[in-house]
Amino acid sequence: MPLLNAVALIVTLLLVTGCDQLPSGFLKKPLLLEEIQESGTLKVLTRFDPTTYYEGPEGPIGLEYDLVQLFASKIGVEAEFVVPNNFGQIISRIMVGDAHLAAAGITVTEKRKQLMRFAPAYRKITEQLVYRSGNNRPKKIPDLYGGILEAINGSSHVSTLTQLRTEFPELDWNVNTELEAFELLELVDKGLIDYTVADSDQLLLTRHYYPKLHVAFNLSKPLDLAWAFPHGEDNSLYDAATGFFEEIKQNGTLAGLIEKHYGHTGALDYVGRCTFRKHFFQRLPKLRPYFEQAANETGIDWRLLAAIGYQESHWKTNAVSPTGVRGIMMLTQATAKELGIRNRSNPHQSIDGGARYFKMRRKSIPPDILEPDLTWMALAAYNVGPGHLEDARVLAAMRGEDPDRWIVVKETLPLLSQRRWYRKTKHGYARGREPVRYVKNIRNYYALMVWLTSSEDEEKQADPRILYKKQTSPAWYPEQRTGSLHYEIRFLRKNSFSKAEHCCPSTPVCHSTRWLKNDHCERSTALQTAPRSGSSAPKTRRLTRACRIAPMHITQGSSVT
């Protein structure tokens, strides 16, 4: 009876006073998804990393960035990205609901499931121990004893190492609270630390720029990556994200995004990447003005044009193929005549003609094909011809697949070399694997080009001998100077490197063996009393090997030998 009386009271109030005059306790609280849609903003925690979110040549980019933007568009809001100081803060802040979700390449672990909840996984990774070539490859955990191993604070890597310590008590490492995973990988590449732990997808992208990094062995089984949400009774946003991932998995959008960000990896080996860097400094400077001029006239990124030129000729002006194509952009005689190019071996004319020809290929692609698929298909057409590209798209449609997506077309192009398939096409046989490899290589060269030119600044333009200058106070190498931490590194351009050291001169590597001869650098091992990882007990441990830079007085034209 009391329950019936209460219901009767509510109905009476609704009829007499109206909903807007009811006591606040009777009003239903809006769902979280509704609140977000009302505010128009989805707050997302993320981190700067090649696998998640970073600034590209045309603005923010990254797999997590693209996924979040798609999800935000689906629920009708704008995404607001927040980047905390370190990965550990992402975990702690999402636990207390300081954002709507965290999209930061977060590994799903049993411990984390207790602290937050995860959307469906979008990718699998393996935790790997990373070392630098030139050093002995560790094959088991005891091989790490005495070396410098660092892991990022708050990561699942620290949990993995902690578990391993139960079996290997002498295993020791430093928890870095200042740097991110890709920065620790950079330190391994520089030889400043011996080892770090990285997710396989992070290493896959980072090795593209630091080819001296190698996998020693896996530390974990395959693990899921997923978005993290705070625990709560309101499931509206979580359910929307769950439906979103189920949809993009089924319609192929997720596979397309993964191909976009990872499809070019693995095409170049160590020698190929190092050779490219050498040619970047030796051959490109004379040709760069021509690429930039062609870019201004066509509206195509000069670095993409240069990547095409490198794939075609390795930037050799006198390059000639057995079939008679020649020059930087390897134009055929018929194409050169069509473009009004008189001398294919003239670098200016060749680059101008190649840029205009590529623009023609872009215009031949159906306008409803979106980027970056449009560019990849235009590159394939540049290589194999628009007719064969269209044949591959027709085959894709015949197989019930989307002919407007490069991830599909690159699978059907190789079919053009098989009789049972090319007999169904208009233009017949083609060596269909070549354009696939062609596009993949150019994507690699373009990514390297963007990375090599992204740090250009006025300082390096003023002093061409300085390649990189960094001034910071990293926790991994404290140098006491009047009570404060200070560290400065100066690096020289390729002219100061010997031929053996010429590999990857774009990276800020201190070649201490050469600098020692001139008292410019001393390679040292520092000792400091610090707490053992996972323990409050102090322990004297070896800190990062580094180059302490003495004051340098290098005049223009002088060299370090």
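Conventions adopted
Residues numbered from 1 in each chain as written. Predicted model: local features only at pLDDT ≥ 70, side-chain atom pairs only at ≥ 80, totals over all residues. Heavy atoms only, no water. Buried < 20%, exposed > 50% of the residue type's maximum accessible area, 1.4 Å probe, protein only. Helix = DSSP H or I, 4+ residues; strand = E, 2+ residues; numbered from the N terminus. Arc of directions from axis to C-beta. Contact = heavy atoms within 4.5 Å. Polar contact = N/O pair within 3.5 Å; in protein donor to acceptor, adjacent residues only side chain to side chain. Axes fitted to C-alpha atoms, helices over the stretch in contact; angles between N-to-C directions. Parallel < 35°, antiparallel > 145°, perpendicular 65-115°, else oblique. Left-handed = near helix turned anticlockwise from the far one by under 90°. Nonpolar A, V, L, I, M, F, W, Y, C, P; charged D, E, K, R; others polar. Expected span 1.5 Å × (residues − 1). Salt bridge = Lys/Arg side-chain N within 4 Å of Asp/Glu carboxyl O. Core = buried A, V, L, I, M, F, W, Y, C linked by side-chain atoms within 4.5 Å. pLDDT = per-residue confidence, 0-100. Phe/Tyr/Trp six-rings, centres within 6.5 Å; stacked < 30°, edge-to-face > 60°. Lys NZ or Arg CZ within 6 Å of the ring centre and 35° of its normal.

So, about helix H4 (residues 87–95). All of the buried residues along H4 are Phe87, Gly88, Ile90, Ile91 and Ile94. Taken around the axis of H4, the buried residues stretch over an arc of 160°, which confines them to a single face. On its buried face, H4 is in contact with strand S1 (41–45), strand S5 (101–107), helix H5 (110–115), strand S9 (149–152) and strand S13 (223–229). Here H4 starts with a cap whose side-chain oxygen sits 3.1 Å from the backbone nitrogen of Gly88, and that cap is Asn86. Of the residues flanking the end of H4, it is Gly97, one or two places downstream, whose phi is positive at about 75°.

A few words on unusual backbone geometry. Trans peptide bonds make up the majority, and among non-glycine residues the majority have a negative phi. The peptide bond linking Glu371 to Pro372 adopts the cis configuration, its omega dihedral lying at 0°. Among the secondary structure elements, Pro372 is positioned in the loop between helix H15 (347–363) and helix H16 (373–384). The phi dihedral of His314 falls on the positive side, at around 55°, and the residue is not glycine. Examined against the element boundaries, His314 turns out to sit in the loop between helix H13 (302–313) and helix H14 (333–339). What makes His314 partly exposed here is its relative accessible area of 30%. In this structure, Trp315 is a non-glycine residue whose phi angle is positive, near 60°.

A pair of packed helices can be characterised by two numbers: the angle between their axes and the separation between those axes. Look at helix H3 (residues 63–75) against helix H9 (residues 236–250): their axes get within 11 Å of each other, and the N-to-C directions meet at 115°. When the axis of H3 is compared with that of H9, the two are roughly perpendicular. The element H3 and its partner H9 pack so that their crossing is right-handed. Side by side, H3 and H9 meet where Leu67, Leu70, Phe71, Lys74 and Ile75 of the first sit next to Leu237, Ala240, Ala241, Phe244, Phe245, Glu247 and Ile248 of the second. Of the residues contributing to the contact of H3 with H9, the split by class is ten nonpolar, no polar and two charged.

The next point concerns H13. Across its twelve residues, H13 extends 16 Å between first and last C-alpha, which sits within 8% of the 16 Å expected from 1.5 Å per residue. Counting buried positions over the twelve residues of H13 gives ten, a clear majority of the element. For H13, every residue scored as buried is listed here: Trp302, Arg303, Leu304, Leu305, Ala306, Ala307, Ile308, Gly309, Tyr310 and Ser313. Among the structural elements, helix H11 (270–282), helix H12 (284–298), H15, H16 and helix H20 (433–453) are those in contact with the buried residues of H13. Looking one or two residues beyond H13, the residue adopting positive phi is His314, at roughly 55°.

Tallying each qualifying case throughout the model produces 19 salt bridges. Of the charged contacts, one joins Arg165 and Asp172 as a salt bridge, the two residues approaching to 3.8 Å between their closest N and O atoms. The same class applies to Arg165 and to Asp172, which are both buried. The partner of Arg303 in a salt bridge is Asp301, and the shortest N-O contact between them spans 3.1 Å. Connected via shared salt-bridge partners are Glu186, Asp189 and Lys190.

On to the nonpolar core, then. If you look at the biggest cluster of nonpolar residues, it comprises 90 residues, and the most contacted ones within it are Ile106, Phe291, Trp315 and Phe358. Here Phe291 is in contact with Leu284, Trp302, Leu305, Ala306, Trp315, Ile328, Met329 and Ile351, once residues within four sequence places are set aside. Among the nonpolar cores identified, the runner-up in size contains 32 residues, and Ile36, Ala119, Trp227 and Ala241 belong to it.

It is worth spelling out the confidence of the model for the protein at this point. Looking at the protein, pLDDT values average 77 and 75% of them are 70 or higher. The secondary structure element of the protein with the lowest average pLDDT is strand S16 (residues 484–485), at 24, and the one with the highest is strand S6 (residues 117–118), at 96. Across residues 457–561, where pLDDT falls below 50, the model places 209 contacts with residues more than four positions away in sequence or in other chains.

Attention shifts here to the packing of aromatic side chains. Geometry of an aromatic ring pair is reported as the spacing of the ring centres plus the angle between the planes. The final tally for this structure, using the stated rule, is 21 aromatic pairs. Relative to Phe245, the ring of Trp227 has its centre 4.8 Å away and its plane inclined at 80°; by these criteria the two rings are edge-to-face. In this pair, Trp227 sits in strand S13 while Phe245 sits in helix H9, placing the two residues 18 residues apart along the sequence. Phe245 shares its class with Trp227; the two are buried. Look at Phe229 and Tyr238: their rings are 5.6 Å apart centre to centre, the planes differ by 85°, and that puts the pair in the edge-to-face class. Members of the aromatic cluster, joined through ring pairs, are Phe71, Tyr122, Trp227, Phe244 and Phe245. Between the NZ or CZ atom of Arg399 and the centre of the ring of Trp421, over which it lies, the distance is 5.5 Å.

Tracing the sequence through the fold places Arg303 in helix H13. Reaching out from Arg303, the side chain makes a polar contact with the side chain of Thr453 at a distance of 3.2 Å.

Turning to the environment of Arg123, a few remarks are in order. With respect to the secondary-structure elements, Arg123 resides in strand S7 (residues 123–125). In sequence terms Arg123 and Asp201 are 78 residues apart; their C-alpha atoms lie 9.3 Å from each other. When sequence neighbours within four positions are dropped, the list of residues in contact with Arg123 reads Leu63, Asp201, Leu204, Leu223, Asp224, Leu225, Ile258 and Tyr262.

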